[in-house]
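As a plain string of letters, each chain reads:
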Amino acid sequence: MVSTRSLDKTMVFLCVCVLYNSMTADCRPLRRRSVSEVQLMHSVGVRKHIQQRLEWLQERMQGIHTAPLHDGKISSSERITLERMRSQDFTHGALNGDVAETQ
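Residues numbered from 1 in each chain as written. Predicted model: local features only at pLDDT ≥ 70, side-chain atom pairs only at ≥ 80, totals over all residues. Heavy atoms only, no water.

This brings us to the overall build of the protein. A count of helical and extended segments in the protein gives 3 helices and 0 strands. Buried residues in the protein amount to 1% of all 103 residues. In the form shown here, the protein has an accessible surface area of approximately 10,700 Å², with 60% of it arising from carbon and sulfur atoms. (Helix = DSSP H or I, 4+ residues; strand = E, 2+ residues; numbered from the N terminus. Buried < 20%, exposed > 50% of the residue type's maximum accessible area, 1.4 Å probe, protein only. Areas by Shrake-Rupley, 256 points an atom, 1.4 Å probe, with all protein chains shown as cover.)

Spelled out as structure tokens, the structure:
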């Protein structure tokens, strides 16, 4: 029959071995990655960055107003209205301390 004392020593030794292996396994990868895996991970990271940049750019461009859709011909009343709107935007921005953008 096996003594309790030797069984305790065996259990303690096994617990120490398991703890040691679990601690050292976290510090190193299980295997080295192949070159194609590294290249794939790099490509995925680049694609993710490009997608984030495009989303940011689209979000910024939503606030930009484009020119009205016409053949380049603006009636005099439309031209006056546009000039008034531009001057109001400029004076409104200057009153608030904003810097007016020039084109």
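On to the confidence of the model for the protein, then. Regions with low pLDDT carry predicted coordinates that are not meant to be interpreted in detail. Within the protein, residue pLDDT values average 76, and 69% of them lie at 70 or more. Within the protein, the element-level pLDDT minimum falls on helix H3 (residues 76-95), averaging 73, and the maximum on helix H2 (residues 35-61), averaging 93. Low pLDDT, under 50, characterises residues 98-103; the stretch is placed with 2 contacts to residues that sit more than four places away or in other chains. (pLDDT = per-residue confidence, 0-100. Contact = heavy atoms within 4.5 Å.)

A contiguous nonpolar surface patch, about 510 Å² in accessible area, is contributed by Leu54, Trp56, Leu57, Met61 and Ile64. You can see Met61 is positioned in helix H2. Taking the relative accessible area as the measure of exposure, Met61 reaches 49% and is therefore partly exposed. (Patch = residues over 30% accessible without salt bridge, like charges linked within 9 Å, V, L, I, M, F, W, Y side chains within 5 Å. Salt bridge = Lys/Arg side-chain N within 4 Å of Asp/Glu carboxyl O.)

Within this structure, the stated rule accounts for 0 disulfides. Looking at Cys15, it has no disulfide partner, and the nearest cysteine sulfur is the one in Cys17, 9.3 Å off. Here Cys17 falls in the partly exposed class, since its relative accessible area comes to 29%. (Disulfide = S-S within 2.5 Å.)

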